[in-house]
Amino acid sequence: MSSVQGSVRGAGVVVTGAAGGIGAALARRFAAEGARVVVNDLDPARTKALADEIGALAVPGDASEVVDAARAALADAGATVDIWCANAGLGSGGDPFVDEKVWAAAWDVNVMAHVRAARALLPEWLERGSGRFVSTVSAAGLLTMIGAAPYSVTKHGAFAFAEWLSLTYRHRGLKVHAICPQGVRTDMLTAAGSAGELVLAPTAIEPEDVADALFDAIAADRFLVLPHPEVAEFYQARAGDTEGWLDNMNHIQRKWEGARR
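This is a predicted model, so every value here is computed, not measured.

Caption draft 1: View of the overall build of the protein. A tally of helices and strands in the protein yields 11 helices and 7 strands. In terms of overall size, the protein behaves like a compact globule, its C-alpha atoms giving a radius of gyration of 18 Å where 261 residues would be expected to give roughly 18 Å. Burial analysis of the protein (261 residues in total) assigns 48% to the buried set. Pairs at least 24 apart in sequence give 65% of the contacts found in the protein among residues at least 6 apart. Of the accessible surface of the protein, which amounts to about 12,200 Å², a share of 54% is contributed by carbon and sulfur atoms. Of the side-chain charges in the protein, 23 are positive and 31 negative, and the distance between the mean point of each set is 2 Å.

Take a look at the structure:
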């Protein structure tokens, strides 16, 4: 048995935003590795369809409010919540200064859903000395994304929270993984429109590639999960030459603006 199989076989795993894209790929992979999976998504029909496909438990609903229901579903199946995949995410575009509801929604889904899950799960995990929190962040949480201020800002928040969890509780048995891909061929990439087409689409990968990267990180006990390895170079460039990095990003911004005229 591999080290990954040993850490997930029989484990209770909850994946939010799991009806499609990265979430569905994660749920399928965990189920294939022998975990007891809870599929969560706002769409009840798609949630049930995936759960039926992979032999999982369907718990539809808002990712910010699903901890108790997911815990109860696993308890009925004789399992506990051992791994929480905070995968549900909300993209954004357009003018960031028009409607503050866009900011509030992005903050609630991309950050506070993670905080609420951790707040509910940590007491049990810390008492038993084990637990795993997986945060689907985005390279936008390490870098930024043109044309999407609420998304970029809240993904920075999601990364910061995952980092804080890891540095605060790793000595007490908590494992944390922050997944930071660039473009992934999902509905969110399509919804990113021309900005996504310019920046993300050329190197876009499949959701299954993201699941592979996570399982590699679990095997290596590694916090930072980079399905696009080049993101590490971009991240280093941002820290080492911030002005040069901003100039390069502004060049992309101007190219995007020119293409939209």
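Caption draft 2: Summary view of the nonpolar core. Core analysis: the biggest nonpolar cluster contains 46 residues, and W84, F133 and L165 have the highest contact counts within it. In terms of residue count, helix α6 (residues 149–169) provides more of this core than any other element does, 7 residues in total. Residues within four places of W84 in sequence aside, it is in contact with V14, T16, V66, V67, A70, A117, L121, W125, R132, F133 and V134. Judged by nonpolar contacts, the second largest core, of 33 residues, contains A18, L26, I54 and A56.

Caption draft 3: Structural view of the packing of aromatic side chains. Evaluation of the coordinates by the stated rule reveals 4 aromatic pairs. Among the aromatic residues, those joined into a ring-pair cluster are F161, W164 and Y169. Above the plane of the ring of F215 lies R29, whose end atom (NZ or CZ) is 4.4 Å from the centre.

Caption draft 4: Examining the sheet that holds strand β4 (residues 83–86) more closely. An order of β3-β2-β1-β4-β5-β6-β7 is seen for the 7 strands of this open sheet, with the pairing classed as parallel. Of all strands in the sheet, those with a lone pairing partner are β3 (57–58) and β7 (224–225), marking the two edges. Packed onto the sheet, α6 meets β5 (131–136), β6 (174–179) and β7 and runs at close to 155 degrees relative to β6.

Caption draft 5: Looking closely at empty space enclosed by the protein. According to the stated counting rule, one finds 1 cavity of 30 Å³ or more in the structure shown. Every residue lining the largest cavity is listed: T16, A63, W84, A86, N87, A88, V109, A113 and H114. Looking at the lining of the largest cavity, the elements that each hand over two or more residues are β4 and α5 (100–128). At 3 residues, the largest contribution of residues to the lining of the largest cavity is made by α5.

Definitions and limits used
Residues numbered from 1 in each chain as written. Predicted model: local features only at pLDDT ≥ 70, side-chain atom pairs only at ≥ 80, totals over all residues. Heavy atoms only, no water. Helix = DSSP H or I, 4+ residues; strand = E, 2+ residues; numbered from the N terminus. Rg over C-alpha atoms; globule rule 2.2 N^0.38 Å. Buried < 20%, exposed > 50% of the residue type's maximum accessible area, 1.4 Å probe, protein only. Contact = heavy atoms within 4.5 Å. Areas by Shrake-Rupley, 256 points an atom, 1.4 Å probe, with all protein chains shown as cover. Lys, Arg positive; Asp, Glu negative; His and termini not counted. Charge placed at Lys NZ, Arg CZ, Asp CG, Glu CD. Core = buried A, V, L, I, M, F, W, Y, C linked by side-chain atoms within 4.5 Å. Phe/Tyr/Trp six-rings, centres within 6.5 Å; stacked < 30°, edge-to-face > 60°. Lys NZ or Arg CZ within 6 Å of the ring centre and 35° of its normal. Pairing = 2+ DSSP bridges. Axes fitted to C-alpha atoms, helices over the stretch in contact; angles between N-to-C directions. 1 Å grid on protein atoms, 1.4 Å probe; cavity = no way out; pocket = protein on both sides within 12 Å on 5 of 7 lines; lining within 4 Å. Points joined across faces, edges and corners; volume = space filled by probe spheres on them.

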